[in-house]
Amino acid sequence: MAKLMENLLVKAIFALFFISAATAVGDSPFIIAHKKASLTRLKSGAERVSVSIDIYNQGFSTVYDVSLVDHSWPQDAFDVVSGNISQSWEKLDAGGVISHSFELEAKRQGMFYGAPAVITFRIPTKAAPQEAYSTSVLPLDILAEVPPEKKLDWRLLAKYGSQISVISIVALFIYLMVTPSKSSGVKASKKKR
């Protein structure tokens, strides 16, 4: 009986904990920002970096005066080709998503490690602006010497393809002839009885 009461008491404490945690978080916003960057090599030899930042409001209330600033791209290494590295929005509703993208052109070669972008926003219940940070980008190897890819030589396939298929069919036929089938094994065991 005492074991049953202890088990019931532990379950009640867990239920009370989960209910209080859910109500404590219930009315606040929760901002998540994901920053992605991809490299594109142009025919002229230059390289462009396409940056995309997605901002998610996973909370239960709207945030206002949302602004994004990404100063992780130094001006001596990158030129802004299209878009801006900063953007502002009036509000972001609960469950909403905002996307921002811009494109840069690299000026010099080397590895680049980007810092997170900073998102500031205002909550109606708090006077001070709140801050959130995006994920940082993976290291980018800008203007790197890329070795040419080894591609399948179609000439070899065209030249020897028919011979390879004939050898494969013959090998499969020999394998099927040599491997005993299950039905002949069952017949042999019945004959021994």
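On a predicted model such as this, the values are computed, not experimentally measured, just so you know.

**Let's talk about the pairing of strand β6 (residues 97-106)**
At step 1: Residues I98, H100, F102, L104 and A106 of β6 are buried on one face, while the alternating residues V97, S99, S101, E103 and E105, pointing to the opposite face, are not.
At step 2: Of the pairings in the sheet, the one linking strand β2 (residues 47-57) to β6 comprises 9 bridges and is antiparallel in character. By the bridge assignment, V49 is partnered in β6 with L104.
At step 3: When strand β4 (residues 78-82) meets β6, the two strands line up antiparallel, connected through 4 bridges. Of the residues in β6, the one forming a bridge with D79 is E105.

**So, the UniProt feature "transmembrane region" (unreviewed entry) in the protein**
At step 1: According to UniProt, the positions carrying the feature "transmembrane region" (unreviewed entry) are residues 160-178.
At step 2: Counting secondary structure, residues 160-178 comes out at 100% helix and 0% strand; the distance between its end C-alpha atoms is 27 Å.

**Focus: the sheet that holds strand β9 (residues 130-133)**
At step 1: The strand order β5-β3-β8-β9 describes an open sheet built from 4 strands, whose pairing is antiparallel. Looking at the sheet topology across the chains shown, the edges are occupied by β5 (86-92) and β9. With direction set aside, neighbouring strand axes in the sheet form an average angle of 20°.
At step 2: Both strand β3 (residues 63-69) and β5 contribute to a ladder of 6 bridges, which runs antiparallel. Across the sheet, the residue bridging to S67 is S88, located in β5.

**Overview of the pattern of salt bridges**
At step 1: One pass over the full model with this rule turns up 8 salt bridges.
At step 2: One salt bridge connects K35 with D70, and the closest N-O pair in it is separated by 3.0 Å. Residue K35 is found in strand β1 (residues 31-41), and its partner D70 is found in the loop between β3 and β4; the two are separated by 35 residues along the sequence. Judged on exposure class, the residue K35 and its partner D70 are both buried.
At step 3: As a salt-bridge pair, D76 and R108 come within 3.6 Å of each other at their nearest N and O atoms. You can see D76 sitting in the loop between β3 and β4 and its partner R108 sitting in the loop between β6 and β7 (110-112), a full 32 residues away along the chain.
At step 4: A relative accessible area of 45% places R108 in the partly exposed class.

Thresholds applied
Residues numbered from 1 in each chain as written. Predicted model: local features only at pLDDT ≥ 70, side-chain atom pairs only at ≥ 80, totals over all residues. Heavy atoms only, no water. Buried < 20%, exposed > 50% of the residue type's maximum accessible area, 1.4 Å probe, protein only. Helix = DSSP H or I, 4+ residues; strand = E, 2+ residues; numbered from the N terminus. Pairing = 2+ DSSP bridges. UniProt positions renumbered as here; feature names shortened; annotations may be inferred. Axes fitted to C-alpha atoms, helices over the stretch in contact; angles between N-to-C directions. Salt bridge = Lys/Arg side-chain N within 4 Å of Asp/Glu carboxyl O.

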